[in-house]
Amino acid sequence: MSDSMKAKIESPTGKLGVLCPGLGAVATTFIGGVEAVSKGLAKPIGSLTQMGTIRLGKRTDDRSPKIKEFIELAGLGDLCFGGWDVFHDDCYQSAVNCKVLDRELLDEIRPALEQIKPMPAVFDHRYVKKLKGDTSNVKDGRNLMAKAEALMKDMDVFADKNKADRLVVVWCGSTEAYLAEKPVHKDLVAFENGLKENDPDIAPSMVYAYAAIKKGIPFANGAPNLTVEIPALLELADKTNTPVSGKDFKTGQTLMKTIIAPGLKARMLGISGWFSTNILGNRDGEVLDDPESFKTKEKSKLGVLDYILQPEKYPDLYRDLYHKVRINYYPPRGDAKEGWDNLDIFGWLGYPMQIKIDFLCRDSILAAPIVLDVALFSDFAKRAGLKGIQEWLSFYFKSPITAPGLYPEHDLFIQLKKLKNTLRYLMGEDLITHLGREYYDPR
Ligand SMILES: NC(=O)c1ccc[n+]([C@@H]2O[C@H](COP(=O)([O-])OP(=O)(O)OC[C@H]3O[C@@H](n4cnc5c(N)ncnc54)[C@H](O)[C@@H]3O)[C@@H](O)[C@H]2O)c1
């Protein structure tokens, strides 16, 4: 008997609006990239929704359609973009400032990017201390509830103006100062009172999440902020049938960690130390130079190894692992980050070995296809009637949100299997377990 169901999935007719709070390096590289791909100027490398395939049935069946042909996803030509930022620069100017995409490429898509002007942001300097310059593109309002209502109005106006039939919101804003769960987050009543009373424990990203979820618009969190991962907003997501996901896009060094650590563990090789250091010079790096914002990022980056390696189950291999993560702001590199990893590992009889990784990566080039995939899959989730935490999207996140009490799955390959099996399940196809007995024992 098949474990699958054929869900009723609405077709993606009309346009899908993708709204990003934060029109900085990641958001402009995503938007500019989609415009470039749509014009045939480049390929969507790194995007599973655009390039990935999915095997259906037996290996001998030879059925491996592209994911975007297997499930109905919004087409790139059907996307329109908007967002909010504290800076006044339009999407073209912001992309020029961020220096990720070449000027030549940007000039080919300039008219489309210039039309995207940031709507005034909901902002609070206490949560992001290091932003410099004219940060006056912000909303006034008597309290946070009024600001949330203003955001909902922005969403309506954007949808009307762009003739968008559906919307998704993906947080691409700066990393906010570390915030632990507080009483105001515990349920929806407390949270809505907190919005009216300007509770200082409600971060701006939570106001965006509230506004989107209240309207039933899928919300994904690309930063390590607490944001949507609080009982109040999960309660709202349940009530309004809204898919949510996060947090912190899995790019660069953590992507490498979740590729390499499962491999070492699979071979029962021990690890005594993993020292990771980064230099980066973009605005994200500058924001992370503030200890409060760094603390949020550090927590997100550190959790990964513990969950993958399970030291409590493998004390001889991982109990004494010393794991350290450093991020240093170094302006000359801009968005071209360099991440070094030194791994002290040990093998048979405890003999030590070392692995060195020097990843000269481009942060936003790795993040942009994730924004695209998360936006398209979030819209698909909504059309398929899914709501609440979308753990099958943990493939894209450093610190995946899970149901309370459930530990997150960090192994990239398990995450990919979970994602693809979710698609098979929703489409009524057999799940793939890789057991493979049928090829040898056809009875
Ligand atoms: N680049 C990557 O590979 C990567 C990976 C994982 C996570 N992230 C996270 O994604 C986020 C964006 O990264 P980036 O490199 O684009 O940073 P960025 O500094 O270039 O852009 C962030 C933008 O958010 C704006 N912003 C801050 N608070 C806001 C608010 N309340 N409302 C609206 N706009 C606001 C800032 O003005 C800025 O323009 C960061 O939180 C970063 O940590 C990035």
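Residues numbered from 1 in each chain as written. Predicted model: local features only at pLDDT ≥ 70, side-chain atom pairs only at ≥ 80, totals over all residues.

(A) View of the overall build of the protein chain. The secondary structure content of the protein chain amounts to 16 helices and 11 strands. Its C-alpha atoms give the protein chain a radius of gyration of 22 Å, near enough to 22 Å, the size a compact globule of 443 residues would have. With the C-alpha coordinates of the protein chain rotated into their principal frame, the extents come out at 65 × 50 × 50 Å. Relative to its full complement of 443 residues, the protein chain shows a buried share of 46%. (Helix = DSSP H or I, 4+ residues; strand = E, 2+ residues; numbered from the N terminus. Rg over C-alpha atoms; globule rule 2.2 N^0.38 Å. Buried ≥ 20, exposed ≤ 12 C-beta atoms within 10 Å, placed from the backbone.)

(B) Layout of the environment of methionine 353. Structurally, methionine 353 can be placed in strand β10 (residues 352-360). Under the C-beta neighbour-count criterion, methionine 353 is labelled exposed, with 11 such atoms within 10 Å. Taking the C-alpha atoms as reference points, methionine 353 and tyrosine 178, 175 residues apart in sequence, are found 36 Å from one another. Once you skip the residues sitting within four places of it in the chain, methionine 353 turns out to touch Ile345, Phe346 and Gly347. (Contact = placed C-beta atoms within 7 Å.)

(C) Quick look at the environment of glutamate 176. You can see glutamate 176 is positioned in the loop between β4 (164-171) and α8 (188-196). Under the C-beta neighbour-count criterion, glutamate 176 is labelled buried, with 25 such atoms within 10 Å. For the pair glutamate 176 and lysine 297, spaced 121 residues apart in the sequence, the C-alpha separation amounts to 9.1 Å. The contacts of glutamate 176, once residues within four sequence positions are left out, are Tyr127, Val128, Ala203, Ser205, Asn225, Ser293 and Thr296.

(D) Local environment of the domain arrangement of the protein chain. What the domain assignment reports for the protein chain is domain 1 (15-249 + 365-426) and domain 2 (252-360). Using only C-alpha atoms to locate each centre, domain 1 and domain 2 end up separated by 26 Å. The partner domain 2 presents 28 residues to the 26 residues of domain 1 that form the contact. Classifying every residue of the side of domain 1 that touches domain 2 by side-chain character gives 13 nonpolar, six polar and seven charged. (Domains from an automatic or database assignment. Nonpolar A, V, L, I, M, F, W, Y, C, P; charged D, E, K, R; others polar.)

(E) Representation of the site of the ligand in the model. Taken together, 35 residues form the shell around the ligand, and within it Gly22, Gly24, Ala121, Ala223 and Arg283 come nearest. The dominant element in the shell around the ligand, judged by the number of residues it contributes, is helix α15 (residues 363-383), at four residues. Each residue belonging to the shell around the ligand can be placed in one class, and the counts come to 20 nonpolar, 10 polar and five charged. Two domains each donate at least three residues to the shell around the ligand, and these are domain 1 (15-249 + 365-426) and domain 2 (252-360). (Near = placed C-beta within 6 Å.)

(F) Here's a closer look at the environment of glycine 334. Its location among the elements puts glycine 334 in the loop between β8 (322-329) and β9 (338-346). In sequence terms glycine 334 and leucine 236 are 98 residues apart; their C-alpha atoms lie 39 Å from each other. The contact partners of glycine 334, leaving out residues within four places of it in the chain, are Lys99, Gly281 and Asn282.

(G) The sheet that holds β10, seen in detail. Strand order in the open sheet formed by four strands is β8-β7-β9-β10, with mixed pairing between adjacent strands. Either end of the sheet is taken by a strand with one partner, and the two such strands are β8 and β10. Strand after strand, the sheet turns through a mean of 10 degrees between neighbouring axes, direction not considered. As defined by bridge partners, β9 adjoins β10 across nine bridges and the pair is classed as antiparallel. When the bridges of β10 are listed, isoleucine 345 appears paired with methionine 353. The strands touched by helix α11 (residues 252-266) are β7 (270-280), β9 and β10; relative to β9, the strand with the most contacts, the crossing angle is about 20 degrees. (Pairing = 2+ DSSP bridges. Axes fitted to C-alpha atoms, helices over the stretch in contact; angles between N-to-C directions.)

(H) A look at the sheet that holds strand β6 (residues 243-246). An order of β3-β2-β1-β4-β5-β6-β11 is seen for the seven strands of this open sheet, with the pairing classed as parallel. Since the sheet does not close on itself, it has two edges, and those belong to β3 (119-120) and β11 (388-389), each with one partner. Summarising the sheet, β6 and β11 pair through two bridges and their orientation is parallel. Directly across from proline 243, in β11, lies its bridge partner glycine 388.

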